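One letter stands for each residue in the lines below.
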Amino acid sequence: MTTDPATTDQTTIDPAEILRERFSAAIATAFPEAADADPLVSPSRQAKLGDFQSNAAMPLAKRVGAKPRDVASRIVEHLDVADVAEPVTEASIAGPGFINVTLRPDALAAFVERLDAPELGIEPPATPDTVVVDLCGVNLAKQMHVGHLRSTVIGDTVARLFERLGYDVIRQSHVGDWGLPIAMVVQALIDHEDAGHSLDDIGLDDLNRIYKDAQATCKDERVALASVTKYGGHPKAEAELEGRIEHARDAAERARQRLVSLQSGDERSVAVWQRIYDVTMAACLATCARLNTDVTDEHSAGESTYRQDLHDVVTDLETRGIAEESDGALVVRVEGIAEPCLIRKKDGGYLYATTDLAAIKRRVQDMRADRVVYVVDARQSLHFRLAFGAAERAGYTTRPDGAHADLEHAAFGTVLGEDNKPLKTRSGENIKLADLLDEAVARAATTVAEKNPELPEGERARIAEAVGIAAIKYTDLSTERIKDYIFSWDRMLAFEGDTGPYLLNAVVRITSIFRKAGEQGVALDERAALVLAEPDERALALTLLKYPRIVRAAGEALEPHRVCNYLYELASAFSGFYERCPVLKGDDDAVRASRLRLCGLTKRVLCDGLETMGIPTLERM
Ligand code: ARG
């Protein structure tokens, strides 16, 4: 038996990992017939009993037909953990057969030492995968709304997690910048210009209005038609309706013609389209920057960038017999889904899915993605199942080197108002994301002013901006991605509880410990020996050690909330430690140095975790 902590695998930072291996080995020796059994090692539910527990004995007992406690005894008999843990004996077996393990203080310290390196236990892989992350995806002539908050914030965090894990990440914003709705806006602007107005100071709000009007006009056509057929009607009303239908038809027809001229590169149409593009993107990218997300012009790959590919994709699918005709339209049938994937309308127009097929081809075959992750609203899940299924059938998910790329829809839920319905303004409009951010910052400013009346105005504004944005982002990231959540100002802006401001404050508190230490002439010794004697020191150390595993799991599962939950857990563990383990007040130099080192490491892990969410930290608040 080994007893020297130095003999454990020097690269493993995660004690749970080592225990898992050791329990597996013990099970394999004790029960060769069940050597593949899961060792079921997890952090202990009761710190009093130990640091970790293995629950393997219970399922194993069923399998080998023995009593769970006897199975536990046999595992304990063969378990070799002396280099990392206190002796595991009969007395370590609890209840029906839980096996409790407590790490040796020197081993625990050695694990923390290893974590305390620049990369915090997250080493880049030797051959990194390429991951394409589809995020943001705003639409031209439309303001960003809360839905795009989610695709931007969650998308950017997923991308950051992958970057943190050392993968090659390519962000792609699939901007809705093509098709009939945009052609309508182009047409409306051309009419506006022809009426003698300049387009120079058209803003996104104007475009948004024009967009809605244009849509309403076309809807008019359908609504009016429907009611006439349904009710017949008074000759006068009928005449009026017919007039409106006429107008709507005319508008729709002109938009269709405009789309044709736009598609054929007509100079004026393209120039007006470009204007719409520039106005929309300037506003949207400014919001992305304010959210501290890495979504810039270089990541924009709008639907328009695929326009030359659509014809080829459709021809390819048609000639290879993958697409088939259905009621004059062209569709690809996907196994297990009743409705087909529509790729060409009866009138010859291409669709959202056609563009997504072209995008998959580019991402897999040109960008050579190993994995393409779509951070898009859950309400588009059928669309993606169809598009992925069609791409699979077409072989578009196979890279030039023959490798297969995984396509995943990282679907997210809806942001709800207090009334449990999708968040809207009082009058039922979508809430402009920019307004939402302004309000978050304004509310944060009030709290910051209350807490720090002495700070200069400029600094208070800077803090309020950081706190407000952190509150919004953290709320969006900390609920399980797929779930809906209710938007609540009070909850998200609270300085206590599982919030962005609380975590920022945790960092600020640690910073102020170091400020005080400096005033007392005490400096951080990054190599100080770690003394982990108190339960709160141990708890903090054990929590710190979870970090690399959490980041890996969050990345793999595309679930940023796991990082949030963890950071909250870490901040809480730190709180307990700070309350009961005086850092600067004690008079034992070794203990003080050790505790300061724990403070420093905690701060680095908190900052690193917040960085994976693009939440900048503050020095004071
Ligand atoms: N523009 C779309 C929307 O606002 C989102 C684009 C999602 N990405 C994609 N590849 N379809 O709904």
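Before reading further, recall that the structure is shown in the block above.
Definitions and cut-offs
Residues numbered from 1 in each chain as written. Predicted model: local features only at pLDDT ≥ 70, side-chain atom pairs only at ≥ 80, totals over all residues. Heavy atoms only, no water. Helix = DSSP H or I, 4+ residues; strand = E, 2+ residues; numbered from the N terminus. Buried < 20%, exposed > 50% of the residue type's maximum accessible area, 1.4 Å probe, protein only. Contact = heavy atoms within 4.5 Å. Areas by Shrake-Rupley, 256 points an atom, 1.4 Å probe, with all protein chains shown as cover. Lys, Arg positive; Asp, Glu negative; His and termini not counted. Charge placed at Lys NZ, Arg CZ, Asp CG, Glu CD. Pairing = 2+ DSSP bridges. Axes fitted to C-alpha atoms, helices over the stretch in contact; angles between N-to-C directions. Parallel < 35°, antiparallel > 145°, perpendicular 65-115°, else oblique. Polar contact = N/O pair within 3.5 Å; in protein donor to acceptor, adjacent residues only side chain to side chain. Near = heavy atom within 4 Å. Nonpolar A, V, L, I, M, F, W, Y, C, P; charged D, E, K, R; others polar.

## With respect to the overall build of the protein
Across its full length, the protein holds 20 helices and 13 strands. With respect to the three principal axes, the spread of C-alpha positions in the protein is 95 × 70 × 45 Å. Burial analysis of the protein (621 residues in total) assigns 52% to the buried set. Considering only contacts within the protein whose residues lie at least 6 apart along the sequence, 74% involve residues at least 24 apart. Of the roughly 28200 Å² of accessible surface on the protein, a fraction of 50% belongs to carbon and sulfur atoms. Charged side chains of the protein number 74 positive and 100 negative; the gap between the two group centres comes to 3 Å.

## Considerations on the sheet that holds strand β10 (residues 371–374)
An order of β6-β5-β10-β11 is seen for the four strands of this open sheet, with the pairing classed as parallel. With partners counted over all chains shown, the strands left at the sheet margins are β6 (168–172) and β11 (406–409), one partner each. Pairs of neighbouring strands in the sheet enclose a mean axial angle of 15°, with direction left out of account. Of the strand pairs in this sheet, β10 and β11 are connected by four bridges, and their pairing is parallel. The residue bridging Val-373 from the neighbouring strand is Glu-408, located in β11. Strands in contact with helix α5 (residues 146–164) are β5 (130–134), β6 and β10; relative to β6, the strand with the most contacts, it is inclined by about 165°. Across the face of the sheet, helix α11 (residues 352–366) comes into contact with β5, β6, β10 and β11 while running at roughly 140° to β10.

## Focus: the environment of Ala-573
Its location among the elements puts Ala-573 in helix α19 (residues 561–580). Sequence separation between Ala-573 and Asp-80 is 493 residues, and the spatial gap between their C-alpha atoms is 30 Å. Those residues in contact with Ala-573 that sit more than four places away from it in its chain are Leu-540 and Thr-543.

## Re the packing of helix α14 (residues 457–478) against helix α16 (residues 500–519)
Interaxial distance between α14 and α16 falls to 7 Å at its minimum, and their mutual angle equals 125°. Between α14 and α16, the crossing angle belongs to the class labelled oblique. Taking contact as the criterion, the partners of Ala-466, Val-467, Ala-470, Ala-471 and Tyr-474 in α14 are, on α16, Gly-500, Pro-501, Leu-503 and Leu-504.

## A short note on the sheet that holds strand β4 (residues 98–101)
Strand order across the open sheet formed by four strands is β1-β2-β4-β3, with antiparallel pairing between neighbours. In this open sheet, the two edge strands, each paired with only one partner strand, are β1 (41–43) and β3 (93–94). Pairing of β3 with β4, which is carried by two bridges, proceeds in the antiparallel orientation. Bridging from a neighbouring strand, Ile-93 pairs with Ile-99 of β4.

## Considerations on the side chain of Glu-537
Inspection of the secondary structure assignment puts Glu-537 in helix α17 (residues 535–545). Within polar-contact distance, the side chain of Glu-537 engages the side chain of Arg-595 at 2.8 Å. What Glu-537 contacts, discounting residues up to four positions off in sequence, is Val-531, Leu-532, Phe-577, Cys-581, Arg-595 and Leu-598.

## What to know about helix α3 (residues 68–78)
Those residues of α3 lying buried are Val-71, Ala-72, Ser-73, Ile-75 and Val-76. Turning to α3, the residues buried within the fold contact α1 (15–30), α2 (57–64), β3 and β4.

## Examining the site of the ligand
Around the ligand, the neighbouring residues are Asp-134, Gly-137, Asn-139, His-148, His-174, Tyr-352, Asp-356, Tyr-374, Val-376, Gln-380 and Phe-384. In the environment of the ligand, a nitrogen atom lies 2.9 Å from a nitrogen or oxygen atom belonging to the backbone of Gly-137. Note that an oxygen atom of the ligand is positioned 2.8 Å from one of the side-chain N or O atoms of Gln-380. Compared with its free state, where it exposes 350 Å², the ligand has 87% of that area covered by protein. Of the residues assigned to the shell around the ligand, the class counts are four nonpolar, five polar and two charged.

## Some remarks on the packing of helix α10 (residues 310–319) against α11
The geometry of α10 relative to α11 is characterised by a closest axis approach of 9 Å and an angle of 90° between their N-to-C directions. Comparing their axes, α11 and α10 come out roughly perpendicular. Along its contact with α10, which presents Leu-310, Val-313, Val-314 and Leu-317, the element α11 presents Thr-354, Thr-355, Leu-357, Ala-358 and Lys-361. The residue makeup of the contact of α10 with α11, split by class, is six nonpolar, two polar and one charged.

## Focus on the environment of Thr-354
Residue position: Thr-354 is located in helix α11. Thr-354 sits in the buried class, given a relative accessible area of 0%. When the C-alpha atoms of Thr-354 and Ala-390 are compared, they prove to be 9.9 Å apart, with 36 residues separating the residues in sequence. The contacts of Thr-354, once residues within four sequence positions are left out, are Leu-310, Val-314, Leu-342 and Ile-343.

## Focus: the environment of Val-270
Mapping Val-270 onto the fold places it in helix α9 (residues 267–290). Classification of Val-270 by relative accessible area gives partly exposed; the value is 30%. Linking Val-270 and Ile-337, residues 67 residues apart in sequence, is a C-alpha distance of 39 Å. In contact with Val-270, not counting residues within four places along its chain, are Leu-262 and Gly-265.

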